[in-house]
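# Architecture and fold: a report
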Amino acid sequence: MDWGGILDNTLRGLIGEQFIYFALAAIGLNIHFGYAGLLNFGQAVFMAAGAYGLSIMVVTYDWSFWAGVGMGLIVFPAVLALILGVPTLRLRADYLAIVTIATAEMFRLIARSPRYDWLTGSSDGHGGFATRFYELSPFDPGERYFFGLFIGNQFFVVLVGWAALVVVVTLVWALIRSPWGRVLKAIREDEDAARSLGKNAYFYKMQALMLGGMIGALGGMLRAIGTQSAQPQNFITDVTFFAWVALILGGAGKIMGPVVGAALLYGLINFTDGLLRQLVEEGFISESVMDGTQVGQVRFLLIGVGLVALAALRPQGLFGNKEEMALDDR
Amino acid sequence: MGTLVVLGALLTLWTAPAGAQDDNETVVGGTIRIRAAEPDKENTPVEGVEITISTIDGTEVGTAVTDETGAWRLVLPDGGEYIAELDQSTLPEGVPLRDPERATLDFNINAGSSRNVLFPLGEIVGPESDTIQIVQLTIDGIKLGMIIAMSAIGLSLIYGTTGLVNFAHGEMVTFGAMTAYILSQYGLLGGLIGGDFAIQLIIAGLLTFVLAAVAGGLFNELVWKRLRKRGASLISMLVVSIGFSIMFRYIMLFQFGGRVRRYRDYQIQDTIDLKYFSITPKDIFIIVFSTIILIGVGLALQRTRIGKAMRAVADNRDLAESSGIDVEKVIRTVWIAGGGLAGIGGVLFGLTETVGWEMGFRLLLLMFAGVTLGGLGTAYGALLGSLVVGVFIQTSTLFIPTDMKNVGALLILAVILLIRPQGLLGRAERIG
Amino acid sequence: MTAEAAPEITARSVPALGKRFFARWLDELLLGSALLLAWLLFLYAVGDGRGTIDGALWGLAALVVVVAALYNQVWLTAAEGASVGKRTAGIKVLDRETGLPLGLGRTVARELLSPLAVTALKDELGQGLHDKVVGSVVVRDAWRQPELVAGDAAAARAALADVSPTPGSRKPDPILIAENISRTFGGLVAVDVDHLEIQRGVITALIGPNGAGKTTLFNLLTSFDQPTTGTKAFNGETIDDVPAHKIANYGMVRTFQLTKSLSKMSVLENMKLGATDQKGEGMLSALFTPLWSAQDKEIEERADELLARFNLDHMRDEFAGTLSGGQRKLLEMARALMVRPSLVMLDEPMAGVNPALKQSLLDHVKGLRDQGMTVVFVEHDMDMVQDISDWVVVMAEGRVIAEGPPTSISDNQAVVDAYLGAHHDSALDLGDDS
Ligand SMILES: Nc1ncnc2c1ncn2[C@@H]1O[C@H](COP(=O)(O)OP(=O)(O)OP(=O)(O)O)[C@@H](O)[C@H]1O
Ligand SMILES: [Mg+2]
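In this numbering scheme, every chain counts its residues from 1 along its sequence in written order. Lettering for chains starts from A, numbering for ligands starts from 1, and both go in the order in which the items are written. Reporting of local features is limited, given that this is a predicted model, to residues whose pLDDT is at least 70; pairs of side-chain atoms are given and counted only at 80 or more, and all residues count toward the totals for whole chains, interfaces and linings. Side-chain numbers here rest on the full set of heavy atoms in the structure, without hydrogens or water.

### So, a negative patch on the surface
Stated formally: Residues qualify for a patch when their relative accessible area is over 30% and they have no salt bridge, like charges being joined within 9 Å and the nonpolar side chains of Val, Leu, Ile, Met, Phe, Trp and Tyr within 5 Å. Only the protein chains shown count as cover for residues, and the accessible areas themselves come from Shrake-Rupley with a 1.4 Å probe. The salt bridge definition used is simple: a Lys or Arg side-chain nitrogen within 4 Å of an Asp or Glu carboxyl oxygen. This count recognises Lys and Arg as positive and Asp and Glu as negative, with His and chain-terminal groups excluded. Charge coordinates come from a single atom per side chain, which is NZ of Lys, CZ of Arg, CG of Asp or CD of Glu. In this text, helices come from DSSP runs of H or I with a minimum length of four residues, and strands from runs of E with a minimum of two, each type numbered from the N-terminal end.
Together, D2(A), D8(A), E281(A) and E282(A) make up a region of like negative charge exposed at the surface. Mapped onto the secondary structure, D8(A) falls in helix α1 (residues 3-15).

### Some remarks on the pairing of strand β7 (residues 343-347) of chain C
Consecutive side chains of a regular strand alternate in pointing toward one face of the sheet and then the other. All names here are of chain C. Threshold: Exposure classes here rest on a 1.4 Å probe applied to the protein chains alone. A residue is buried below 20% of its type maximum, exposed above 50%, and partly exposed in between. One bridge is not enough; two strands pair if DSSP finds at least two bridges between them. The handedness rule is simple: strands pointing away from the viewer, and a clockwise path from the first strand over the helix to the second, make the crossover right-handed.
Counting buried positions along β7 gives 5 out of 5 residues, so the element sits mostly inside the fold. Neither face of β7 is exposed, since L343, M345 and D347 on one face and V344 and L346 on the opposite face are all buried. Note that β7 and strand β8 (residues 374-378) share 5 bridges and pair parallel. Opposite L346, over in β8, you have F377 as the bridge partner. In this fold, the crossover linking β7 to β8 by way of helix α12 (residues 355-370) has right-handed handedness.

### A few points about the packing of aromatic side chains
Residue and element names in this part refer to chain A. Under the convention used in this document: Under the pairing criterion, centres of Phe, Tyr and Trp rings, with the six-membered ring standing for Trp, must be within 6.5 Å; the plane angle then separates stacked pairs below 30 degrees from edge-to-face pairs above 60, leaving the rest tilted. By definition, being over a ring means that NZ of Lys or CZ of Arg is both within 6 Å of the ring centre and within 35 degrees of the ring normal.
Evaluated as defined, the whole model comprises 37 aromatic pairs over all chains. An angle of 55 degrees between the planes, with centres 5.0 Å apart, marks the rings of F33 and W244 as tilted. Of this pair, F33 sits in helix α2 (residues 17-35) while W244 sits in helix α12 (residues 237-250); the two residues are 211 residues apart in sequence, bridging distant segments of the chain. The exposure class assigned to W244 is buried, which follows from its relative accessible area of 2%. On the numbers, 6.2 Å between centres and 80 degrees between planes, the contact of F203 with Y204 is edge-to-face. An aromatic cluster of three or more residues is present, and its members are F65, W66, F133, Y134, F139, Y145, F146, F147, F150, F155 and F156. We note R90 situated over the ring of Y202; from NZ or CZ to the ring centre the distance is 3.8 Å.

### Remarks on the packing of helix α11 (residues 379-395) of chain B against helix α12 (residues 405-419) of chain B
Residue and element names in this part refer to chain B. Note the threshold: Only the contacting stretch of a helix is used when fitting its axis, a line to C-alpha atoms as for every element, and angles between N-to-C directions run 0 to 180 degrees. Working definition: roughly parallel below 35 degrees, roughly antiparallel above 145 degrees, roughly perpendicular at 65 to 115 degrees, and oblique for all remaining angles. In this scheme, a crossing is called left-handed if the near helix is turned counterclockwise away from the far one by less than a right angle; it is called right-handed if the turn is clockwise. Here, residues are in contact when the closest pair of their heavy atoms is within 4.5 Å. Amino acids are sorted into nonpolar (Ala, Val, Leu, Ile, Met, Phe, Trp, Tyr, Cys and Pro), charged (Asp, Glu, Lys and Arg) and polar (every other residue, Gly among them).
Running from amino to carboxyl end, α11 crosses α12 at an angle of 135 degrees, the nearest separation of the two axes being 8 Å. By the angle class used here, α11 and α12 are oblique. You can see that α11 and α12 cross each other, and the crossing is right-handed. Of the residues in α12, those in contact with V389, F392, I393 and Q394 of α11 are K405, N406, G408, A409 and I412. Among the residues making up the contact of α11 with α12, the classes are represented as 5 nonpolar, 3 polar and 1 charged.

### Some points on the interface of chain A and chain B
For clarity, the cut-off: Each of two parts loses accessible area, computed with a 1.4 Å probe, when they are put together; buried area is these two losses added. Contacts described as polar in this section are N or O atom pairs within 3.5 Å, which, within protein, must combine one atom able to donate a hydrogen with one able to accept it, while residues neighboring in sequence count only if both atoms come from side chains.
The interface is formed by 49 residues belonging to chain A together with 47 residues belonging to chain B. Together, Y95(A), I98(A) and V308(A) form the three largest contributors to the area buried by chain A at its contact with chain B, with a combined 13%. On inspection of chain A and its partner chain B, the count reaches 1 salt bridge. In this structure, D238(A) engages R249(B) in a salt bridge whose closest nitrogen and oxygen atoms are separated by 3.3 Å. Where chain A packs against chain B, one counts 2 residue pairs in polar contact (both at pLDDT 80 or more).

### Remarks on the packing of helix α4 (residues 65-88) of chain A against helix α11 (residues 201-227) of chain A
Residue and element names in this part refer to chain A. At a minimum axis separation of 8 Å, α4 and α11 run at an interaxial angle of 140 degrees. What the angle tells us is that α4 and α11 run oblique. Classified by chirality, the crossing of α11 by α4 is right-handed. Split into classes, the residues belonging to the contact of α4 with α11 amount to 19 nonpolar, 4 polar and no charged.

### A short note on the pattern of salt bridges
Pairing between side chains becomes possible if they bear opposite charge and their charged atoms approach one another. Within this structure, the stated rule accounts for 32 salt bridges over all chains. K272(C) is the partner of D296(C) in a salt bridge, and the nearest nitrogen-oxygen pair spans 3.0 Å. Of the two residues, D296(C) sits in helix α10 (residues 289-309) while K272(C) sits in helix α9 (residues 267-274), which places them 24 residues apart along the sequence. Residue class for K272(C) comes out buried when judged on its relative accessible area of 7%. The salt bridge partner of D387(C) is K366(C), with a shortest N-O separation of 3.3 Å. In this pair, D387(C) is assigned in helix α13 (residues 382-388) and K366(C) in helix α12, connecting sequence segments 21 residues apart. Overlapping salt bridges bring together R182(A), K272(C), D296(C), E300(C), D304(C), R316(C) and D317(C) as one network.

Listed below in structure tokens is the structure:
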């Protein structure tokens with residue numbers, strides 16, 4: 001058994017790129033769900049807005065990398081939030097859930113349709129839009145960095161990702177402690193009460209949807225840059241669910257909840273993944289039970305199990321406060 | 001974790017051989033098929049089409065020819081960028097490429113992986129007029145709508161009686177389809193009984209209904225009832241249902257693999273040509289069968305005690321409870337009936353398309369559209385909304401590419417929410 | 001001053017029977033069929049657009065227009081009669097079920113037709129409500145709190161001395177006027193108030209049996225629900241088009257019968273939320289603490305003061321969810337006062353509050369009036385109504401059946417009938433009600 005390899009993998013999960021992408025997506029969800037009470041089950045499409053916002057602008061329209069970043073971070077997610085929010089934010093929370101999950105699926109169908117190949121590159125998606133980004137990298141692509149965990153380009157993405165995380169977390173912290181954050185929390189608790197006190201709940205929810213969407217888009221964009229591709233299958237609905245697991249694992253409505261949750265999630269995934277692969281390779285698990293391709297499926301399965309167990313047994317998250325959660329019984 | 005035990009028991013029934021895969025070869029391949037003019041009908045494979053692969057600098061690597069299933073495949077020496085060219089002269093008469101410009105395609109492939117390269121063929125320009133197509137598509141739409149409706153009634157009633165948006169409902173549909181598939185694999189539907197396919201289907205449908213109803217009941221008993229007792233919030237229950245959705249979906253993938261299957265016994269059927277449309281006996285059966293079931297459901301809701309109780313609970317839970325209705329019993333019935341109906345919906349959906357691990361999840365989105373359109377929580381609303389969605393999806397293929405027909409359905413959902421947020425038959429809630 | 005007859009608005013005469021029928025079933029089925037029909041018709045009409053994106057877009061656009069036009073224009077307009085005219089009187093035509101404005105087609109048609117409608121409406125209304133409410137719109141700064149004029153019980157009662165104790169009577173200085181307000185749920189008429197005025201600076205009690213429509217009336221007056229018909233004015237200004245969240249900025253605040261404490265926020269945070277016009281409530285300004293920290297401190301001081309007054313100061317930093325039922329009622333009332341309202345509408349504020357605390361609350365309410373605030377409250381405890389109210393409005397089955405000073409109410413035959421059923425001939429001892 002290659003325990004060293006498993007350990008490396010686990011560490012990479014705890015602090016590596018996957019963690020960063022999903023921590024950002026989950027922070028976005030935390031704004032939506034944890035603070036504003038919005039049920040967004042289409043975070044994948046916000047992530048896609050970031051990824052495709054950049055790639056479409058750069059690849060299809062030949063814009064500069066930075067212009068593409070601006071579009072993917074601000075314009076695409078904002079427009080998307082408007083499209084999603086206008087019909088649903090006045091309605092009961094379930095409607096947003098349904099419309100968002102539907103939109104995420106809809107987007108994927110459109111993006112991979114050969115008809116829009118000229119725009120989105122259909123199922124192959126786009127590549128080669130991040131050259132400018134890697135040109136800025138001070139690291140040697142051939143070298144390994146940080147205890148040999150990451151190769152040069154990867155390390156650059158991870159560093160930029162961490163910087164982005166710090167900025168975003170600080171921003172969220174500053175917002176949530178302000179009167180703005182207070183209104184948001186009030187809307188989560190009871191929208192009618194907030195409205196009776198003169199707060200425009202619809203407007204705040206729209207702002208929250210946009211902000212969380214933009215943070216999600218940042219995650220999606222970093223993911224596209226990190227993998228150097230924007231592809232429809234990177235934004236399937238399960239991606240949204242991953243972000244949800246990260247959020248619930250760490251605890252919704254806490255600033256650091258999604259960050260801790262994402263680290264744990266990817267640490268755990270990489271650990272079980274590595275372990276299972278090793279076990280299959282070494283013959284501890286026979287081929288008739290599970291083969292190499294099925295290991296990847298087990299990871300999803302475990303996520304499902306984890307989500308069920310967590311939401312049913314510890315809805316407050318691993319570190320959350322049970323008493324606070326119990327206040328929910330209305 | 002009694003659930004897991006039950007699941008495990010079901011799984012042992014389901015163990016199907018997982019396809020072995022050679023990991024080391026670099027393979028490119030694809031399938032050349034004529035897309036059926038009618039959506040969701042089988043595509044016709046094209047045999048004998050030649051595809052030539054060369055490297056980026058023009059060196060020819062090899063030529064593949066499609067077999068009787070329309071499939072072609074070529075092992076490549078290494079990863080990298082290649083060019084695939086389809087020899088258009090080997091295509092049959094009157095079957096052009098959808099985009100003749102795209103007879104030559106570039107692709108990238110990693111060493112050791114396999115990859116599909118697609119050459120979509122255009123539709124054959126048929127003699128059919130638009131009128132005929134519209135009639136045809138409307139009928140197809142009604143069929144699809146009925147399938148959605150059957151699956152969605154449970155979803156809507158569960159929402160109505162418990163407030164839960166059950167994201168795992170799609171997996172109940174898959175469960176039904178898979179169960180019927182397994183039954184047919186064991187020869188239960190074909191060889192064992194023999195006889196008319198309609199009879200086989202009815203038996204398959206009923207058996208599946210029973211199994212799916214039991215599964216629905218157990219699901220409620222083992223999971224949801226306990227959560228309700230514990231006073232779990234609706235949102236955490238919703239998240240639990242998402243967890244189950246993922247879990248079930250990947251259990252099915254794990255057990256069945258990613259390929260789609262068809263029911264063995266009803267693959268090919270002669271179509272019956274009527275003046276304005278053509279239809280297979282299978283489709284007639286589906287429409288008649290689901291009409292009967294839906295009318296039955298409607299009557300049961302309208303006439304029977306438990307049906308009235310369901311509507312009462314869905315309408316106003318507290319009021320129903322205080323007037324002596326056993327709400328838990330009603331909820332149990334809703335889960336059992338909803339599960340069974342979703343199971344049958346799955347069988348029928350599997351009949352019209354294919355059986356695969358993700359089919360229910362795909363249908364779930366259409367169910368959401370139908371249910372929301374009709375008004376969350378109402379049974380008749382679910383029916384009406386689903387029919388509208390079904391017909392809309394099919395007829396919209398006159399305008400939009402078939403692969404995007406569901407997009408239209410979801411768009412219409414958003415539009416309806418704008419004009420009439422509570423859905424077609426829904427009612428607004430009380431404030432204060 | 002004697003009561004004059006309420007102005008007649010004939011636009012109100014909606015064909016009720018037909019409406020109910022449309023509302024429940026036909027309407028819905030028609031929308032469904034219209035949707036399909038429109039789509040199918042369109043397929044015939046533009047059949048050769050198939051396979052193109054333009055076709056799809058045009059198809060969708062056409063569909064939306066046809067559906068909107070069919071649904072909104074033909075069916076609902078037919079059902080609701082002269083709704084176009086009502087709109088210009090400041091009566092917004094809204095979906096009866098959702099309270100949302102009706103869709104695109106109707107809006108377009110309305111704008112096109114409104115010049116005609118205004119003329120028709122002027123004739124119809126004459127010198128009635130239109131002049132009083134719409135014709136004298138006071139343009140005021142919504143953010144400025146109206147000045148409160150201190151008063152007391154004697155002054156309040158004196159102001160009401162000349163008012164006739166009949167339903168819909170005119171008050172000398174009304175702060176809130178409701179005209180022809182009605183609300184139906186399906187077939188049920190929950191509220192149908194011809195005319196109601198609330199006198200400024202007094203405590204008005206709203207009583208009535210369960211299900212009389214008191215809470216619904218509150219919802220309508222505060223824009224939480226949209227009336228099927230009718231119009232309302234606050235401080236002489238129509239507030240029909242004012243959404244619920246702006247009502248507070250006008251100086252009108254309400255509490256809820258089912259208490260809405262914000263459980264996972266601290267008591268102090270609950271209070272601070274109530275303050276209007278906070279600089280840190282904008283998303284961008286929120287990021288710059290110096291912009292709002294001083295104001296926030298002020299708000300906190302005010303909140304602490306009120307908490308002390310309501311005996312909640314020891315719970316200041318606890319989660320509101322940990323409060324008892326009675327304490328939540330107190331918190332909600334205190335929070336409402338953070339708005340600095342000129343009109344407070346309390347929906348059963350004393351339900352579940354212990355007697356000792358109740359007494360002190362009553363004093364608070366009187367104190368509010370003495371500071372110049374106007375108070376409307378719903379209450380079932382007749383002792384309390386007798387004790388603190390200056391005026392009582394009685395509702396039953398959606399209508400205002402009686403109005404008058406508290407003493408005149410208990411021997412009003414209509415009130416007795418409403419509470420105990422008709423054919424009950426003894427005077428009602430409402431004082432024993434609790
Ligand atoms: N959203 C709604 N949908 C249907 N019916 C409603 C709705 N809101 C209120 N009603 C009905 O309107 C009527 C008046 O209700 P309302 O809550 O206004 O009564 P109330 O006078 O406040 O009673 P209580 O003293 O019990 O609080 C009741 O018959 C109620 O069932
Ligand atoms: Mg009430």
